[in-house]
Structures are given as C-alpha cells and as structure tokens.
Amino acid sequence: MALDDVPLDDKAKRMRDLLSSFYSTDPTMSANGSSKHGTLDAINTVSFDPDHYMNLLVENSNLEGLLQRHVEMAAEIKNLDTDLQMLVYENYNKFISATDTIKRMKNNIVGMEANIEQLLDKVSREIKSVQSRSDGVNTSLFEKREHIEKLHRTRTLLRKVQFIYDLPARLGKCIKSEAYADAVRFYIGAMPIFKAYGDSSFQDCKKASEEAVAIIISNLQGKLFSDSESIQARAEAAVLLKQLDFPVDSLKAKLLEKLEQSIADLQLKSDDITNVLAEVKDLSKQENSPSEHEASVREFSKAIQAYRVIFPDSEMQLIQLSQDLIRRHFEAVERCVKKRINSADFLDVLRIIWTDVLLIDEVLHEAALPNYCLEAGQVAIKQYLTSTFSLLLHEISACLSKVHNVQGGVEEHPLQEALEASKKALLQGCMEVLMDFHQLLDTTLELLVKLRNFIIDLVQEGFQDFFRTLEYHFVSLSGRNNSGQHQGLTEGADKVLPGLVLVLAQLSVFTEQTAVPRVTEEIASSFSGGGIRGYENGPAFVPGEICRMFRSAGEKFLNQYVNMRTRRISILLRKRFTTPNWVKHKEPREVHMFVDLFLQELGAIATEVKQILPRGVLRRHHRSDSNGSTTSSRSNPLRDDKLSRSNTQRARSQLLETHLAKLFKQKVEIFTKMEYTQESVITTIVKLCLKSLQEYVRLQTFNRSGFQQIQLDIQFLRTPLKETVEDEAAVDFLLDEVIVGTSERCLDPIPLEPSILDKLMQAKLAKTKERNPVST
C-alpha cells in the first residue's frame, strides 16, 4: 500500500497503463476497441485486426512511411519487452520480501502466547490478594466509623442548638451594623426549629428573636420610605420585608410613588443638560467611568427589577413609568433645540438617552423602549432640523433688514453689503446644516444608525421646504401678496424700499445659480439613498423646481423694482404737467426744476443698481447718419433749418411732413427683454418714464410758450439720458415723441430758435457746475 501511494514517473505510469489494458476484461473497453478497429490507433485494443490494420496502413502511407513505421514499432516492441522484464523483477523482489516478513511474524507470535498466559495468572493472584486485604481493613474499622458518624451528627446538632441560643445576640449585632440581609437570613434559617420546638425547649430564644425581628421590620420600613435612601436600598428593604412574610402589598402604592418621584430627579432638564454633557465628556477622557446620571439610571433600573420581583402584577405601571422618563428626556431636548444647540451636543444628548433606554430595557424588555425611543427620536431630529432652518432663515432676514437700517446712513455701499452678507449667510448656513446632519450620519450610535434613511429623507425634504419658505419670505419682504401680484399703491407696498426689492432680485439669482446647485451636489454625495417616503411620493428634493421658482421670483422682483422706481418718477412728472396752466404759460427763462429732480432720481437709481447688478456688454444703439432708418419719424420738424421758420403756417406744415415721413421710416423697437445688468435696468426705467411723460403731454393743451418750455426741457434731458442708457435710438425716439406730441397739443407750435435754445441750455449747465463742481 505504501508503494502505491508513491508518485510514479512517466515511464512507470505508461507501464501500468499497458498492463492494465492487457489484463483488462472490461467489456466496455472491448466494445470501444471494436468501434475503433478501423483506425491506425486501434493497435492497443482487444479487438485489434492485423489484416485490416495493414490494409489501412498500406493505403494511407508510402514506402518511406512504412519503413519509418516499421522502425518505430520495432523500437516500441523492444522497449516493451525491457519494461516488462523490469516490472517482473521488481514484483518478484517484493514477493520475496513479503514472504520473509510473514515468516518472522509467525515465529514471534508463537513465543508471545505463553508469556501472555503467565501474565494473566499473576494479575489474577494480585487482585485477589488486594481484595482480601481491603475486606480485612473494612472489618477492623467498621465500629470506629460508626462511632465517628454518630459524633459528627451530635456535633452538627450541637451547632444548631448553639446557633439557636446565639440567634438573639446575632440579630442584635446585625441591627447595630444594619446588616439586615444577614439578620433575615439567620432568622429564616432558624424558623424550622422554632416551629418544631419554639413552644418548649427554645421558647426564650424564640421570643427574643421575634423581638429583634420586630425591630428589624420597623427599621426596614423606615428605610423603605426614607427620602435619603437610594432606590436600590429601598428595593432591598422591600425584598427583605417580603422574605419575613410582612404584608408588603400594602406598601405597593407608596413604593410606586417613590419611583415616580425618582423619575423627576432622573429626567434631563434643559438647564442642566450642559452640565451633564460636560461631566460625561470629562469622565470619558479619564477612565470611561459612568457619569452620575448613568449611575442613577442604573440604580433606577435595579429598583424596577426588584419591584417586579416584589409585585409581579405591576408590569404595566412600570412600563408607563419608563416611557414617561424617556418622554421627559425628549421634552428637555425639544426645549434645548428651541434655545439653539449645536450638532455635537445634540448627538451627545441622544447618546445619553439611548444609553438610558438600553439600561432600562435590560430589566424591562416588555416596555419596548427602543421602539418608543425611535419614534420620539424622529420627532426630536425633525424639530432640530426645523429649528436649524428657522434660525438660518432668521439670519438671512437679519442681513436683509440692514437695508432698512442703513437707508440714509453714512455707509457708502449699504445695498452691496446687505447683499453680500445675505449671500454668505445663505450659502454658509446651508453648508453648516449639511455638515451638522452629516455628523449624525457618521456616528455609530445605534439609534441614529436605525434612523439613517429617515434622516436622509428628512434633510432632503427640509431643504425643499426651506427654499420654498425662503421664496415666500422674499415675497413677503417685497410687499407682494401670496398670489404673487403686487399690492399696488397700497400703504403696505409704499413702505417697502426699492433697494430691498433689488437686493431680493439679485439674491434670488444667486440662490438659483449658486446655492441650489451647491446644495444639490452635497446632497448627492452625502445624503443619497433614503426612500422611506416611498417612490409613489416622488423625490424629496427637486432642485429643478426650486431653480424655476427662484428664477421666476427674481424676474418678478426686478420688474417690481422697475415699477416702483418708475412709479415714483411718474408721480413727479404728473405733478409737473398737472400743476401749471399751460394755456397761459409764460415764455421759458430757464430749464424747469423738474428736470433736476428727474435726473436726481435717475442718479439714485444708478447708485442702487451699481451696487447690486453687474455691468453688461455695452450695446449702444446710435443713430445712423446715412439715412433715417433708426431715427424717429417725427424728428424732422426739429431740424435746425426748419426751426428758423417763424409763422404758424410753416409750423403746421411740418406736422403733415412728419406723418408722411412715418410711412417711410423703420420702426424702432422701444421695449425689449430686461436683463440683470445695470444698463438694461436703467434703460428700461428711462423708457417707461419717457412713455409716461408722453402720455401726460397728450392730456394737456399748450400755448406757444408752454410748447417752447417743453422743448427746452426735453432738449436739455437728451444729452444726460443718452449718456446713461444703452439704447440711444429708442431714447431719442421717445424724446422726439414727447416734443411732437406737445406740438400736436399746442395752439401755436412755434419752436425756439436754435440760438436761444442753446443759450438757455448753456446757462443751465453753468448753474449746474456752480452747484456741483466735483460731479460735473
């Protein structure tokens, strides 16, 4: 067998295969061989046909191949003969060695049989000798053994009797040392003897022991109801009283009341949470020893365990007490959340509560405190998220309120500072919220591990609601109602500063283009998953919807700002054109004061816009000098050569030329889509104001002097307005429309001569330089 296990070389394997094939009687091999006898490789099969093989070999080989095959077969035959001879020699040697070994084993076994028989005889004699000696020892010691057993029983009885006589003294010592557990154990051990012999032999001992036990019961009752004693000591006192057959059921209500009072001491208080957290952190740095709060909870859990042993039917009351303790814990957490608590402290408080839950759950598993804590934890985490977003909204609102505080103050760029502060508060606040809740996800606290998916969904829903609330808050600050429409000319809308509305517009753009994409990226990387809300409810956080909401809000705020500023200037223009009697107007002496007020308002608008909006690509639409394609169709009457006409007939003929020219001039696009740039906003306001001016002109009737006054004012406005706006062609067109509209409503539309017009304008410019030498 050992030789068979030795690995064979290739030559030995080949020999074994050949021998196996030669001596094989397996019919399947014969069948397989017969199926292949027609091939050249069938020479090793049982059903080999030499004639057929030779025919195939002659048909498939040439002479040279036959000779080569002959040489190969001769070599193979020689090798096989050699291998077979070697194999026979090897087997022969093995057979000889095996025969010699069998002979030696046979000789050795024949000698061992006699020795074994002699050994068995000796062992049998020795066993009989030992047994006889053992019987002799037992016989000689039997009487002494009986005597010793009697003495032992007598000694045990004397000890018991001595214990009974010493019991009153033992109980007295236990009372002095307050070792009530040992006293109860001693008395219970003596009870069988007192029941049997207490009325005869041990009457005095029984009486003295009962007196001592009465004192013990009284002391235990005092300990049970003492406020200075721990809950564990009270529970032990109740157990000892029950062992003494004292009716403790009457004490059930009082002991339960003590447990309820202990809950008030164990519950976390919002004022003491900081101290508890500090104590826990200090102890964790030292030796991982339990804090005072944890030690108290452990004592409370032991008291519950003892209470269950004493009162087996009190399970529901204990469950109610335990759940009440956890509920009070979370009420304290809710109060702390309202006062602002950071994420690290919030996590530590949850860890303390979860530790209390596990400690109580070990002795009162029926209360299902872990599940109760999970439900309360969801509420607490949701309140924490709501409070965090509420504080973030308050910070953003505080930054925006600075627009009211600095209005008219000494700060140079109040709107820009308010906008930058609001951007920083929004983006940084969102990142801090994500970081806080990322800490809640990274912790190994079992409570938060179970609530992981809930926290992920809660964060996504929280940001969705926060951005909606933020947009609603922006709308409220802008003075619009819930439906998104302006409150118009109501008193509430008049109190809103236009600068604030402009800040809200740009802040909405920042929220759409920066804040929401950044939050979306962080949520995708750290808060993906969730799914508790169910697929039927859709995704919790939809950034596309939020972006569309703020894009629409930004456009509305920008339009509201333009309308507010336009409305303010329109009131000024209306007063200008409704106050004087234009039919009796005197000759123009100077540019009217409303021009200065108008330019001042535009200057204030430019100051606000430059703080908030970026500069756009300069696209000034100039007039074309080659033809009148971009000029007003009504500008022809204002040319210098026609201004020299001095009679009414020629002036009226100019109106006819104007209307005829309109048919051949290119239409000017007045109002285009407003963009978030300085030039676009200012241009839109100027266009709307000039359009209002045109409408006010059409409601009046002018004499020649009134018409000339409007001509002077408009001509003076032309240069500063064209320097302010980006669409000069449209402004030129609107200014010309005002003059032409005035001429149409004039009784005698004779314009000022160019020299007089230029003289009055130069006088106004000189006066302006004297007032504002630096600005000019």
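In this text, all values refer to a predicted model and were calculated from it rather than measured experimentally. (Residues numbered from 1 in each chain as written. Predicted model: local features only at pLDDT ≥ 70, side-chain atom pairs only at ≥ 80, totals over all residues. Heavy atoms only, no water.)

Student: Explain the overall build of the protein here, please?
Tutor: Along the protein, the regular secondary structure elements total 27 helices and 0 strands. Restricting to contacts in the protein with at least 6 residues of sequence separation, those with at least 24 account for 78%. Carbon and sulfur atoms make up 53% of the accessible area of the protein, which totals about 45200 Å². (Helix = DSSP H or I, 4+ residues; strand = E, 2+ residues; numbered from the N terminus. Contact = heavy atoms within 4.5 Å. Areas by Shrake-Rupley, 256 points an atom, 1.4 Å probe, with all protein chains shown as cover.)

Student: Is there a simple way to think about a nonpolar patch on the surface in this case?
Tutor: Taken together, the side chains of Leu84, Met86, Val88 and Tyr89 define a hydrophobic patch exposed on the protein surface, amounting to about 390 Å² of accessible area. Inspection of the secondary structure assignment puts Met86 in helix α5 (residues 63–177). Residue class for Met86 comes out partly exposed when judged on its relative accessible area of 45%. (Patch = residues over 30% accessible without salt bridge, like charges linked within 9 Å, V, L, I, M, F, W, Y side chains within 5 Å. Salt bridge = Lys/Arg side-chain N within 4 Å of Asp/Glu carboxyl O. Buried < 20%, exposed > 50% of the residue type's maximum accessible area, 1.4 Å probe, protein only.)

Student: Sorry if this is basic, but what is going on with the packing of aromatic side chains here?
Tutor: By convention here, two paired aromatic rings are described through the distance between centres and the angle between planes. All told, the structure shown has 12 aromatic pairs when counted by the stated rule. Geometrically, the ring pair formed by Phe346 and Tyr384 is stacked, given 4.4 Å between the ring centres and 5 degrees between the ring planes. Of this pair, Phe346 sits in helix α13 (residues 343–363) while Tyr384 is found in helix α14 (residues 369–405), placing the two residues 38 residues apart along the sequence. There is no split in this pair, since Phe346 and Tyr384 are both buried. One residue, Arg170, lies across the ring of Phe186, its end atom 5.7 Å from the ring centre. (Phe/Tyr/Trp six-rings, centres within 6.5 Å; stacked < 30°, edge-to-face > 60°. Lys NZ or Arg CZ within 6 Å of the ring centre and 35° of its normal.)

Student: Please explain the side chain of Gln708 as it appears in this structure.
Tutor: For Gln708, the location among the structural elements is in helix α25 (residues 704–724). Here the side chain of Gln708 touches Ile750 through a polar contact of 3.0 Å, landing on its backbone oxygen. Residues in contact with Gln708, not counting those within four places in the same chain, are Pro588, Ile750, Pro751 and Leu752. (Polar contact = N/O pair within 3.5 Å; in protein donor to acceptor, adjacent residues only side chain to side chain.)

Student: Looking at this model, I keep getting lost on unusual backbone geometry. Mind explaining?
Tutor: Note on backbone geometry: most residues besides glycine have negative phi, and most peptide bonds are trans. Here the phi dihedral of Glu178 falls at roughly 60 degrees; this positive angle occurs in a residue that is not glycine. Here Glu178 shows up in the loop between α5 and α6 (180–197). Positive phi, normally seen in glycine, also occurs at Ala368, with a value near 50 degrees. Mapped onto the fold, Ala368 is located in the loop between α13 and α14.

Student: What am I meant to see in the pattern of salt bridges here?
Tutor: Two side chains with opposite charge may pair up if their charged atoms get near one another. Inspection of the entire model under this criterion finds 24 salt bridges. Two residues, Asp713 and Arg576, come together in a salt bridge whose shortest N-O distance is 3.7 Å. Placement of the pair is Asp713 in helix α25 and Arg576 in helix α20 (residues 543–578), with a sequence separation of 137 residues. Comparing Asp713 with Arg576 shows no difference in burial state: the two are buried. Of the charged contacts, one joins Asp736 and Arg718 as a salt bridge, the two residues approaching to 3.0 Å between their closest N and O atoms. In this pair, Asp736 sits in helix α26 (residues 728–744) while Arg718 sits in helix α25, placing the two residues 18 residues apart along the sequence. Residue Arg718 is classed as buried on the basis of its relative accessible area of 12%. By sharing partners, the salt bridges in this structure join Asp324, Arg327, Arg328 and Glu331 into a single network.

Student: Hey, could you run me through the confidence of the model for the protein in this one?
Tutor: For the protein, the mean per-residue pLDDT works out to 78, and 78% of the residues sit at or above 70. Across residues 25–38, confidence stays below pLDDT 50; counting only partners more than four residues off in sequence or on other chains, it has 12 contacts. Note on residues 621–652: pLDDT under 50 across the span, and 64 contacts to partners over four residues away in sequence or across chains. (pLDDT = per-residue confidence, 0-100.)

Student: What's the story with helix α27 (residues 754–771) in this structure? I'm lost.
Tutor: Think of an α-helix as 3.6 residues a turn; residues three or four steps apart then line up on the same face. End to end, α27 covers 26 Å across 18 residues, agreeing with the expected 26 Å (1.5 Å per residue, within 8%). Listing the buried residues of α27 in full gives Leu757, Leu760, Met761, Lys764 and Thr768. The buried residues of α27 occupy an angular sector of 95 degrees when the element is viewed end-on, so they sit on one face. Pointing more than 90 degrees away from the buried face of α27 are the exposed residues Ser755, Lys759, Lys769 and Glu770. Contacts made by the buried residues of α27 are with α21 (593–612) and α25. (Expected span 1.5 Å × (residues − 1). Arc of directions from axis to C-beta.)

Student: Even after reading the chapter, I still don't get the environment of Leu385, so can you show me in this structure?
Tutor: Relative to the helices and strands, Leu385 is located in helix α14. Considered as a pair, Leu385 and Asp436 are 51 residues apart in the sequence and their alpha carbons are 9.7 Å apart. Excluding residues within four positions of it along the chain, Leu385 makes contact with Val433, Phe437, Leu458, Val459 and Gly462.

Student: How should I be thinking about the packing of α13 against helix α15 (residues 414–442) in this particular structure?
Tutor: The geometry of a pair of packed helices is captured by two quantities: the angle between their axes and the separation between those axes. Close contact between α13 and α15 brings their axes to 9 Å; oriented N to C, the two are set at 30 degrees. When the axis of α13 is compared with that of α15, the two are roughly parallel. In this structure, α13 crosses over α15, and the sense of that crossing is right-handed. Facing α13, whose interface residues are Ser343, Ala344, Phe346 and Leu347, α15 presents Asp436, Gln439 and Leu440. A breakdown of the residues in the contact of α13 with α15 according to their chemical character gives 4 nonpolar, 2 polar and 1 charged. (Axes fitted to C-alpha atoms, helices over the stretch in contact; angles between N-to-C directions. Parallel < 35°, antiparallel > 145°, perpendicular 65-115°, else oblique. Left-handed = near helix turned anticlockwise from the far one by under 90°. Nonpolar A, V, L, I, M, F, W, Y, C, P; charged D, E, K, R; others polar.)

Student: I tried to follow the packing of α21 against helix α24 (residues 678–698) on my own but got confused; where do I start?
Tutor: Contact geometry of α21 with α24 gives a least axis separation of 10 Å together with a crossing angle of 155 degrees. Overall, the two elements α21 and α24 adopt an arrangement that is roughly antiparallel. Seen from above, α21 lies across α24 with right-handed handedness. Contact residues: α21 offers Phe598, Leu602, Ile605, Ala606, Val609 and Lys610, while α24 offers Gln678, Val681, Ile682, Ile685, Val686 and Cys689. Residues belonging to the contact of α21 with α24 are distributed by class as follows: 10 nonpolar, 1 polar and 1 charged.

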